[in-house]
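Spelled out from the first residue to the last, the chains are:
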Amino acid sequence: MTNSLSKINDPWLRIVTGASASFAMVTIISAVTIGLTTPKNKSVSANKMAIYASLLAIAGGAVVGFVAGDASFKTDSVTEKSETTSGKEESDTWKGWRNFVVKRKIKESQEITSFYLQPQDGEPITDFKPGQFLTIKLDVPQQERPVIRTYSLSDYPQSTDYYRLSIKREGSPKDLDVPPGVASNFMHDRISEGSIIPCKPPNGKFFIDVATSNPAVLISNGVGITPMISMAKACSHKNPNRHIWFLHGARNGDYHACREEVNAIANDAPNLHINYSYSRPQPEDEGKYHRQGYVDRQLLEKSVIPEINQIHGSSDAEYYLCGSPKFMDSIRSGLNELGVPEDKVFFESFGGGKTKGKAESTAQSAADTAEIVFARSGKTLNWTKDDGTILEFAEANNIDPPYSCRQGVCLTCMCELQEGEVEYTEPPTNEPDQGSVLICISKPKTSKLVLDL
Ligand SMILES: Cc1cc2nc3c(=O)[nH]c(=O)nc-3n(C[C@H](O)[C@H](O)[C@H](O)COP(=O)(O)OP(=O)(O)OC[C@H]3O[C@@H](n4cnc5c(N)ncnc54)[C@H](O)[C@@H]3O)c2cc1C
Ligand code: FES
């Protein structure tokens, strides 16, 4: 009954319907019971009992009607399907967190494992642009709060009925005595087929416009391959005439995730040109990679750019980069030296570096000074505009909030703002939860802030 009632939007109608249905049910049952079991001389008191039961049923039904509405509200707020908007993409999307089930878990390389996710509610899922990411939330034991991380969507299915994430197990840095990566190790060790993971909808500004005809060069190393697989697959399926170069660097075959998958795409797509560089190849890798060394400026200069010129008649191409910070820095400066305009180079940083990859602050109305109360740490400190973002200020004062991208992308630094307002230095790529802010890209706007930090 609760399920049917929850479909009625008007609360009064729901309460009246609940009360009437319950009244009718109890009255009929009482009448039949009295008729079958009660001797005539006792029927007056039995009738009285039946009337009380019916009155109770009316009250009970009304309460059920009320609660059913509340239940339907709660369910909606989890999936928050946008039924008012038109168009497939809009109508299939959701807001906030939605539970996904891990349907398959596949080891792709020594360090990388893929997770195939489908929504627990069985409803359609949002299409995404190749290169975008998914935000996930994990309840990791011994962590004070849920651990939020972002992972690129590493596949591009013909019809979007699952999402795939390919996650590298992050060990501790060699030179530091610190714990290994929280989320990635939890995913590898504790998440299995059947596990439930809350996810936010696909998001991100790093994606390829599949319809364009210009050649594109996808350049990655390590786990940076994940958005590139999605891009290569999408272009090969949807715009097979477009020439795409897929350059990937790995230590050797053991660390090269999804090699056979990309080879299979290239087998069916003559315009997808692959080139794998192995820095420390093993004998069994023979014939499975193209050159020894790193993906570097030399590869671009001597091989890729001449090929683009030859096929396309000009060197006009787009470059997409994803990999370790050092790798991306060297490729970006290499492209710059080769005369590739900056607006043709797009990159995604998975974090790990403190250098910001985006434009400098655009905050116009940030305060000049402010008092910031870090409530959990029990510290009240005076911020001035030279202290940078709230994250930088916290770190300078020995408060070490969690962070990853430092660009308003991943939500790792999301923190509840209990008082005051912040000004963003750039619009967040990924919207924080209601009442929370991203401290990696924000400064105080009001003279006092209270943060749950
Ligand atoms: C847009 C985007 C897309 C991404 N896509 C992918 C993807 O497709 N696949 C993927 O694997 N990752 C991806 N990432 C990275 C991912 O979001 C996580 O950052 C990554 O998995 C590490 O998270 P973690 O919780 O395992 O590690 P964390 O716990 O965040 O730790 C990170 C590293 O810091 C070290 N560390 C811990 N404490 C300290 C300390 N005190 N000082 C110094 N170092 C410390 C840890 O040992 C670890 O090596 C993406 C990130 C972004 C922003
Ligand atoms: S650290 Fe990624 S959003 Fe702030």
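Preceding block: the structure.
Here goes a summary of the coordinates provided. Everything numeric here is computed off the predicted structure, so don't read it as measured data.

**Points about the overall build of the chain**
Thinking step 1. Along the backbone of the chain there are 10 helices and 19 strands.
Thinking step 2. Buried positions account for 34% of the 453 residues belonging to the chain.
Thinking step 3. Pairs at least 24 apart in sequence give 67% of the contacts found in the chain among residues at least 6 apart.

**Quick word on the site of ligand 1**
Thinking step 1. Around ligand 1, 29 residues are found, and the nearest of them are K168, G181, A183, S184 and T226.
Thinking step 2. Among the elements of the structure, β4 (147-152), β5 (163-168) and α5 (182-190) are those that each provide at least two residues to the shell around ligand 1.
Thinking step 3. With 4 residues, β4 is the largest single contributor of residues to the shell around ligand 1.
Thinking step 4. When grouped by side-chain class, the residues that make up the shell around ligand 1 number 15 nonpolar, 10 polar and 4 charged.

**Some remarks on helix α9 (residues 325-337)**
Thinking step 1. The end-to-end C-alpha distance of α9, which contains 13 residues, comes to 18 Å, matching closely the 18 Å that a straight helix rising 1.5 Å per residue would cover.
Thinking step 2. When we look at burial in α9, the residues that qualify are F327, M328, I331 and L335. What you see down the axis of α9 is that its buried residues fit within an arc of 95 degrees, all on one side. The exposed set on the far side of α9, more than 90 degrees from its buried face, consists of K326, S333 and E337.

**Here's the deal with the sheet that holds strand β1 (residues 98-107)**
Thinking step 1. Sheet architecture is open: 6 strands sit in the order β4-β3-β6-β1-β2-β5, paired in antiparallel fashion. Bordering the open sheet on either side are β4 and β5, each of which pairs with just one other strand. The mean angle between the axes of side-by-side strands here comes to 40 degrees, regardless of whether they run parallel or antiparallel.
Thinking step 2. The pairing of strand β3 (residues 133-138) with strand β6 (residues 196-203) spans 3 bridges and is classified as antiparallel. By the bridge assignment, T135 is partnered in β6 with K200.

**Section: the sheet that holds strand β9 (residues 272-278)**
Thinking step 1. Read across the open sheet, the 6 strands follow the order β10-β9-β8-β7-β11-β12; overall the sheet is parallel. Edge positions in the sheet fall to β10 (291-292) and β12 (345-349), since each has one partner strand and no second.

**Topic: helix α6 (residues 225-238)**
Thinking step 1. For α6, built from 14 residues, the straight-helix expectation of 20 Å at 1.5 Å per residue is met to within 8% by its first-to-last C-alpha distance of 20 Å.
Thinking step 2. A large share of α6 lies buried, amounting to 12 of its 14 residues.
Thinking step 3. Of the residues making up α6, those classed as buried are I225, T226, P227, M228, I229, S230, M231, A232, K233, A234, C235 and S236.

**Observations regarding the packing of α6 against helix α7 (residues 259-268)**
Thinking step 1. The contact between α6 and α7 brings their axes to 10 Å, and the two run at 20 degrees. When the axes of α6 and α7 are compared, the pair comes out roughly parallel. Considering the relative orientation of α6 and α7, their crossing is left-handed. Across from I229, A232, K233 and S236 in α6, the residues of α7 making contact are E261, V262 and I265.
Thinking step 2. In terms of residue class, the contact of α6 with α7 is made up of 4 nonpolar, 1 polar and 2 charged.

**With respect to unusual backbone geometry**
Thinking step 1. Even without being a glycine, R406 presents a positive backbone phi close to 60 degrees.
Thinking step 2. Structurally, R406 can be placed in the loop between α10 (390-396) and β15 (414-419).
Thinking step 3. Of note, L411 is a non-glycine position whose phi angle comes to about 70 degrees, a positive value.
Thinking step 4. On the basis of neighbour counts, which here come to 25 C-beta atoms within 10 Å, the residue L411 falls in the buried class.

**What about the pairing of strand β8 (residues 244-250)?**
Thinking step 1. Of all 7 residues that make up β8, 7 are buried, and the element is covered over most of its length.
Thinking step 2. With burial as the criterion, each face of β8 is covered, one bearing I244, F246, H248 and A250 and the other bearing W245, L247 and G249.
Thinking step 3. In this sheet, β8 lies alongside strand β7 (residues 216-221) in parallel orientation, the contact comprising 6 bridges. Opposite A216, over in β8, you have I244 as the bridge partner.
Thinking step 4. Note that the unit made of β7, α6 and β8 has a crossover that is right-handed.
Thinking step 5. Bridge count between β8 and β9: 7 bridges; the pairing is parallel.

**Some remarks on the nonpolar core**
Thinking step 1. Judged by nonpolar contacts, the single largest core of 59 residues is most densely connected at L218, I219, M228, A232, F246, L247 and Y320.
Thinking step 2. If one sorts the elements of this core by residue count, α6 sits on top with 7 residues.
Thinking step 3. Domain assignment of the residues forming this core places at least three in each of domain 2 (89-203) and domain 3 (216-349).
Thinking step 4. The contact partners of A232, leaving out residues within four places of it in the chain, are L218, I244, F246, V262, I265 and L272.

Parameters at a glance
- Residues numbered from 1 in each chain as written.
- Chains lettered and ligands numbered in written order.
- Predicted model: local features only at pLDDT ≥ 70, side-chain atom pairs only at ≥ 80, totals over all residues.
- Helix = DSSP H or I, 4+ residues; strand = E, 2+ residues; numbered from the N terminus.
- Buried ≥ 20, exposed ≤ 12 C-beta atoms within 10 Å, placed from the backbone.
- Contact = placed C-beta atoms within 7 Å.
- Near = placed C-beta within 6 Å.
- Nonpolar A, V, L, I, M, F, W, Y, C, P; charged D, E, K, R; others polar.
- Expected span 1.5 Å × (residues − 1).
- Arc of directions from axis to C-beta.
- Pairing = 2+ DSSP bridges.
- Axes fitted to C-alpha atoms, helices over the stretch in contact; angles between N-to-C directions.
- Parallel < 35°, antiparallel > 145°, perpendicular 65-115°, else oblique.
- Left-handed = near helix turned anticlockwise from the far one by under 90°.
- Right-handed = clockwise from strand over helix to strand, strands pointing away.
- Core = buried A, V, L, I, M, F, W, Y, C linked by C-beta atoms within 7 Å.
- Domains from an automatic or database assignment.

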